[in-house]
Amino acid sequence: MFIDEVVITIRSGAGGKGCESFRLRPDRKRVPNGGDGGDGGDVILRVDPQTGSLFPLKSKRIFEAERGGMGTRNNCYGGKGEDVIVKVPCGTTVYNQKDQLLIRDLVHPHDEVVVLKGGKGGYGNHSGFPATSGGQAKELELLLSFKIIAD
C-alpha cells in the first residue's frame, strides 16, 4: 500500500532530576555531593534510502524519546536519554501540523534534522546550591508529505 501523507506526534525526553545528597567528612561536617541529571533524548528525522513510502509510519503514530536519568550521590551524573530516529523516504517534506510551517525538505539520502531537542538535565547540589528538576519534554504534531515524481 502507498501512503503519501501522514500526521505523527513526536515527544522529546524530559531532563533527569538532579540529586540532593550529602556525605559526612571525618570532622563530621556535611558536604553536598549530589550529581546532575541527564539530558532527555532528541527526536530525529532521517532519510532512509531503503524506505519507499510513509506506510511504515501509518501503524505507529507516536514517537517518544527516553527521559534523562536522575543524578545520584557521590557526584554521579544521570545518563542521557535515548534518541528516537524516525526513518522517512527520500523526498519527504516536514511541516508543523498546527500552523502548516515548513520545517525541512529532506531530499538527499541520509539527510537528517533534529526536530525536537530533549530537556536539559537538572543540577545536583554538588556546587552548594539546591538540586533542581530537569527540563520539560516537548510535544509536536508533524505533517509528513511524500513528493511523488511522475513521468
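On a predicted model such as this, the values are computed, not experimentally measured, just so you know.

Participant: I'm lost on the side chain of Thr51 in this one. Help?
Facilitator: With respect to the helices and strands, Thr51 occurs in the loop between strand 4 (43-47) and helix 1 (56-59). Only 3.0 Å separates the side chain of Thr51 from the side chain of Asp48, close enough to count as a polar contact. If we skip the residues at most four places from it in the chain, Thr51 touches Lys87, Val88 and Pro89.

Participant: Help me understand the pairing of strand 10 (residues 139-146) in this model?
Facilitator: Each regular strand displays side chains that alternate between the two surfaces of the sheet. Here strand 10 lies mainly inside the structure; 6 of its 8 residues are buried. Note: strand 1 (residues 5-11) against strand 10, 7 bridges, orientation antiparallel. Note that in strand 10 the partner of Glu5 across the bridge is Ser145. Of the strand pairs in this sheet, strand 7 (residues 92-96) and strand 10 are connected by 5 bridges, and their pairing is antiparallel. For Tyr95, the partnering residue across the bridge sits in strand 10 and is Leu143.

Participant: Which parts of the structure should I look at to understand the sheet that holds strand 10?
Facilitator: Strand-to-strand pairing in sheets goes through backbone hydrogen bonds, with the strands running parallel or antiparallel. Pairing is mixed in the open sheet, where 5 strands are placed in the order 5-1-10-7-8. Of all strands in the sheet, those with a lone pairing partner are strand 5 (62-64) and strand 8 (102-106), marking the two edges. Neighbour-to-neighbour, the strand axes of this sheet turn through a mean angle of 25°, independent of strand direction. The pairing of strand 1 with strand 5 spans 3 bridges and is parallel. When the bridges of strand 5 are listed, Thr9 appears paired with Ile62.

Participant: Could you clarify how one ought to interpret the sheet that holds strand 4 in this entry?
Facilitator: Read across the sheet, 3 strands follow the order 6-4-9 without closing on themselves; strand pairing throughout is mixed. Only two strands of the sheet have a single partner each, and these edge strands are strand 6 (84-88) and strand 9 (112-116). On average, adjacent strands in this sheet sit at an angle of 25° to one another, irrespective of strand direction.

Participant: Any chance you could explain the environment of Gly79 here in plain terms?
Facilitator: Positionally, Gly79 belongs in the loop between strand 5 and strand 6. Gly79 sits 25 residues away from Arg104 along the chain, and the two C-alpha atoms are 30 Å apart. Beyond its immediate sequence surroundings of up to four residues, Gly79 is in contact with Gly38, Asp39, Gly68 and Gly69.

Participant: Could you clarify how one ought to interpret the packing of aromatic side chains in this entry?
Facilitator: The way to describe two aromatic rings as a pair is by their centre distance and the angle between their planes. Under the defined criterion, the tally for this structure stands at 0 aromatic pairs. One cation-aromatic arrangement involves Arg30 over Phe22; the distance from NZ or CZ to the ring centre is 4.3 Å.

Participant: Would you mind going over the pattern of salt bridges with me for this structure?
Facilitator: Any two side chains of opposite charge can pair, on the condition that their charged atoms come close. According to the stated counting rule, one finds 8 salt bridges in the structure shown. The shortest N-O distance in the salt bridge between Glu139 and Arg11 comes to 2.6 Å. In this pair, Glu139 is assigned in strand 10 and Arg11 in strand 1, connecting sequence segments 128 residues apart. A residue is classified by how much of its surface remains accessible, and Arg11, at 24% relative accessible area, is partly exposed. A salt bridge links Asp105 to Lys147; its shortest N-O distance comes to 2.9 Å. Here Asp105, found in strand 8, pairs with Lys147, found in the segment after strand 10; they are 42 residues apart in sequence, far enough to count as distant. Given a relative accessible area of 33%, Asp105 falls into the partly exposed group.

Reading the values: the criteria
Residues numbered from 1 in each chain as written. Predicted model: local features only at pLDDT ≥ 70, side-chain atom pairs only at ≥ 80, totals over all residues. Heavy atoms only, no water. Helix = DSSP H or I, 4+ residues; strand = E, 2+ residues; numbered from the N terminus. Polar contact = N/O pair within 3.5 Å; in protein donor to acceptor, adjacent residues only side chain to side chain. Contact = heavy atoms within 4.5 Å. Buried < 20%, exposed > 50% of the residue type's maximum accessible area, 1.4 Å probe, protein only. Pairing = 2+ DSSP bridges. Axes fitted to C-alpha atoms, helices over the stretch in contact; angles between N-to-C directions. Phe/Tyr/Trp six-rings, centres within 6.5 Å; stacked < 30°, edge-to-face > 60°. Lys NZ or Arg CZ within 6 Å of the ring centre and 35° of its normal. Salt bridge = Lys/Arg side-chain N within 4 Å of Asp/Glu carboxyl O.

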